Amino acid sequence: MKIGVVISEGPYTHQAADTAYHFVKSALAKGHEVPRVFFYHDGVNVSTRLSIPPQDERHIQKNWSALAAEHGVDLVVCIAAAQRRGLLDENEATRQGKDANNIAEGFRISGLGQLIEMGIQTDRLVMFGD
Amino acid sequence: MSTLHTVNKSPFATRDLQSCLDHCRDGDAVLMIEDGVYGALAGTAVSDAVSARAGALKIYVLTPDVNARGLPEARLSDVVTGVDYDGFVDLVTSHDRTQAWL
Amino acid sequence: MSDIKKFLYVNRRAPYGTIYALESLEVVLIGAAFDQDVSLAFLDDGVFQLTKGQNTDGIGVKNFSPTFRALGDYEVTKFYVERESLAERGLTEADLQEITYEDEDDDWAEKPSIRVVGRDEMAAIMADQDVVLSF
């Protein structure tokens, strides 16, 4: 089955990104497809590559990037929500005249249409937030 | 046609569990995750509300979240069934839609 | 399976204190371009999103409540508002903005978008969807 996932809270403060990660790993292991995870609201903060959690803690961004690399999960960060919260990829940083970008590997910034498209193209949609 | 409802907040902090129970239809399932697992405790201010719907609904709780919070199995309401993340996935695929009570 | 899916946007939170209501509206606006069967549900504190007379001048935040009135032009015409949620908060339909759409199947007659429904009917609407997005 094709399962779409939405994460709508940021990492560490809320458990949403962790629960979603365990859920997606289980779904993939069971042979389901998770074509896309959509990050919205503060969920976009998961995508920063500048996060440095203590070494004995899980690295939420790296966990997701690894999942994207291994299983081809499309990690989409909502552009409108990302821009409000200071998350930019290289293209956007250049376009907006900013001096840095901070999106981690495996994530890409795109529009809300990707959320709707995911709802249309998947069999189930599961939201993790607070 | 049935729905899997997820509740992730303590019923002692918000009304999300109550609102979820008020909108469930017979044959639906409720899965308590994260801080929502406190709704699975027996002998609390909300346990009667949960038990009252347990005939018409299936009530599940995410065991890894129960264990993380140190809730002994003996303290959980006997109308609640524990599942792991694989069980969560099965609940998603075996219901027609998932509704998160965020 | 039909190409058109039923999308329900569930709004259960008040505006301004958090961004969920505004960012929900942004999804609705973008989603309108996809020609799906869209409904909006307002229950619990979500009913506060639709009150008339919102004035955000003093808090320096954009008042997005007028945008609800524009949704009819995007063929978003089903606003289900829960009667019990209104009553619990001391509200009636008269406290909500008037939101209308022009019905192209009825000689563009102007009709109300807001439909106040009881809790059981709200539950039935939720159970009739393909995709439920919660904000």
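Heads up: the structure comes first, above all this text.
Note that the coordinates shown come from a computational prediction; the quantities given were computed from them, not determined experimentally.

Draft legend 1. Structural view of the pattern of salt bridges. All names here are of chain A. Here the structure, examined in full by the defined rule, presents 26 salt bridges over all chains. Between Arg85 and Asp42 there is a salt bridge, with the nearest N and O atoms lying 2.6 Å from each other. Linking Arg85 in the loop between α3 (79-84) and α4 (90-95) with Asp42 in the loop between β2 (36-39) and α2 (60-71), this pair joins segments that are 43 residues apart in sequence. Its relative accessible area of 33% is what places Asp42 among the partly exposed residues.

Draft legend 2. Quick peek at the interface of chain B and chain C. Residue-level contacts link 13 residues of chain B with 16 residues of chain C. Contact between chain B and chain C buries roughly 1,300 Å² in total, counting both sides, with carbon and sulfur atoms accounting for 46%. There are 2 salt bridges connecting chain B and chain C. For Arg12 of chain C, the salt bridge identified is with Asp16 of chain B, shortest N-O distance 2.6 Å. At the junction of chain B with chain C, the criterion picks out 7 residue pairs in polar contact (both at pLDDT 80 or more). Of all the secondary structure elements, the ones that give two or more residues to the side of chain B that touches chain C are α1 (16-23) and β5 (97-101) of chain B.

Draft legend 3. Structural view of the sheet that holds strand β7 (residues 131-134) of chain C. Residue and element names in this part refer to chain C. Strand order across the open sheet formed by 5 strands is β6-β3-β2-β1-β7, with parallel pairing between neighbours. The two strands at the open ends of the sheet, each matched to only one other strand, are β6 (114-117) and β7. The mean inter-strand angle of the sheet, taken between neighbouring strand axes irrespective of direction, is 25°. In the sheet, strand β3 (residues 79-82) pairs with β6 via 4 bridges, with the strands oriented parallel. Bridge assignment links Glu82 to a residue of β6, and that residue is Val117.

Draft legend 4. Structural context of the packing of aromatic side chains. Residues and elements named next belong to chain C. What the rule picks out here adds up to 14 aromatic pairs over all chains. Ring geometry for Tyr9 and Phe135: centres 6.4 Å apart, planes at 20°, overall stacked. On the criterion of sequence distance, the pair formed by Tyr9 in strand β1 (residues 6-11) and Phe135 in the segment after β7 is long-range, its members being 126 residues apart. Across the pair, exposure class does not vary: Tyr9 and Phe135 are buried alike. Members of the aromatic cluster, connected to one another through ring pairs, are Tyr16, Phe42, Phe64, Phe68 and Phe79. Arg13 extends its terminal NZ or CZ atom over the ring of Tyr20, reaching a point 3.6 Å from the ring centre.

Draft legend 5. Inspection of the nonpolar core at higher detail. Counting 83 residues, the largest nonpolar core has Val5, Phe23, Val37 and Trp64 of chain A, Phe88 of chain B together with Tyr9 and Phe79 of chain C as the members making the most contacts within it. Top element by residues in this core is helix α1 (residues 16-29) of chain A. It accounts for 8 residues. Beyond its immediate chain neighbours, meaning those up to four positions away, Tyr9 of chain C contacts Ile116 of chain A together with Val27, Val28, Gly31, Val38, Ser39, Leu40, Ala41, Leu133 and Phe135 of chain C. Counting residues in each nonpolar core, the second largest holds 30 residues, with Ala41, Tyr80, Met122 and Met126 of chain C among its members.

Draft legend 6. Here's a closer look at the side chain of His41 of chain A. With respect to the secondary-structure elements, His41 of chain A resides in the loop between β2 and α2. Separated by 2.6 Å, the side chains of His41 of chain A and Glu23 of chain C make a polar contact. Those residues in contact with His41 of chain A that sit more than four places away from it in its chain are Ser8, Ala81 and Arg85 of chain A together with Ile19, Tyr20, Glu23 and Phe135 of chain C.

Draft legend 7. Looking closely at the interface of chain A and chain C. Of the residues lining the interface, 18 residues belong to chain A; the matching set on chain C comes to 20 residues. Considering only the surface of chain A that becomes buried against chain C, His41, Ile116 and Ile120 of chain A emerge as the three largest contributors, covering 33% of it. Taken together, the links from chain A to chain C amount to 3 salt bridges. Glu23 of chain C is the salt-bridge partner of Arg84 of chain A, the closest N and O atoms lying 2.8 Å from each other.

Draft legend 8. Representation of the pairing of strand β3 (residues 58-62) of chain B. Residue and element names in this part refer to chain B. Summarising burial for β3: 4 of the 5 residues are buried, a large majority. As defined by bridge partners, strand β2 (residues 29-32) adjoins β3 across 4 bridges and the pair is classed as parallel. Across the sheet, Leu31 pairs through a bridge with Tyr60, a residue of β3. Two elements, β3 and strand β4 (residues 80-83), share 4 bridges in a ladder whose sense is parallel. Bridging across to β4, Val61 finds its partner in Gly82. Following the chain from β3 across helix α3 (residues 63-68) to the adjacent parallel β4, one finds a crossover that is right-handed.

Draft legend 9. Fine view of the environment of Thr63 of chain B. All names here are of chain B. Within the fold, Thr63 resides in helix α3. When the C-alpha atoms of Thr63 and Ser77 are compared, they prove to be 13 Å apart, with 14 residues separating the residues in sequence. Once you skip the residues sitting within four places of it in the chain, Thr63 turns out to touch Gly82 and Val83.

Draft legend 10. Expanded view of the side chain of Thr98 of chain B. Along the chain, the position of Thr98 of chain B falls in strand β5. Among the residues examined, Thr98 of chain B registers a relative accessible area of 5% and is labelled buried. In this structure Thr98 of chain B touches Leu125 and Val126 of chain A, Leu4, Thr6 and Val92 of chain B together with Val132 of chain C, once residues within four positions along its chain are discounted.

Rules of the game
- Residues numbered from 1 in each chain as written.
- Chains lettered and ligands numbered in written order.
- Predicted model: local features only at pLDDT ≥ 70, side-chain atom pairs only at ≥ 80, totals over all residues.
- Heavy atoms only, no water.
- Salt bridge = Lys/Arg side-chain N within 4 Å of Asp/Glu carboxyl O.
- Helix = DSSP H or I, 4+ residues; strand = E, 2+ residues; numbered from the N terminus.
- Buried < 20%, exposed > 50% of the residue type's maximum accessible area, 1.4 Å probe, protein only.
- Contact = heavy atoms within 4.5 Å.
- Buried area = accessible area lost by both parts, 1.4 Å probe.
- Polar contact = N/O pair within 3.5 Å; in protein donor to acceptor, adjacent residues only side chain to side chain.
- Pairing = 2+ DSSP bridges.
- Axes fitted to C-alpha atoms, helices over the stretch in contact; angles between N-to-C directions.
- Phe/Tyr/Trp six-rings, centres within 6.5 Å; stacked < 30°, edge-to-face > 60°.
- Lys NZ or Arg CZ within 6 Å of the ring centre and 35° of its normal.
- Core = buried A, V, L, I, M, F, W, Y, C linked by side-chain atoms within 4.5 Å.
- Right-handed = clockwise from strand over helix to strand, strands pointing away.

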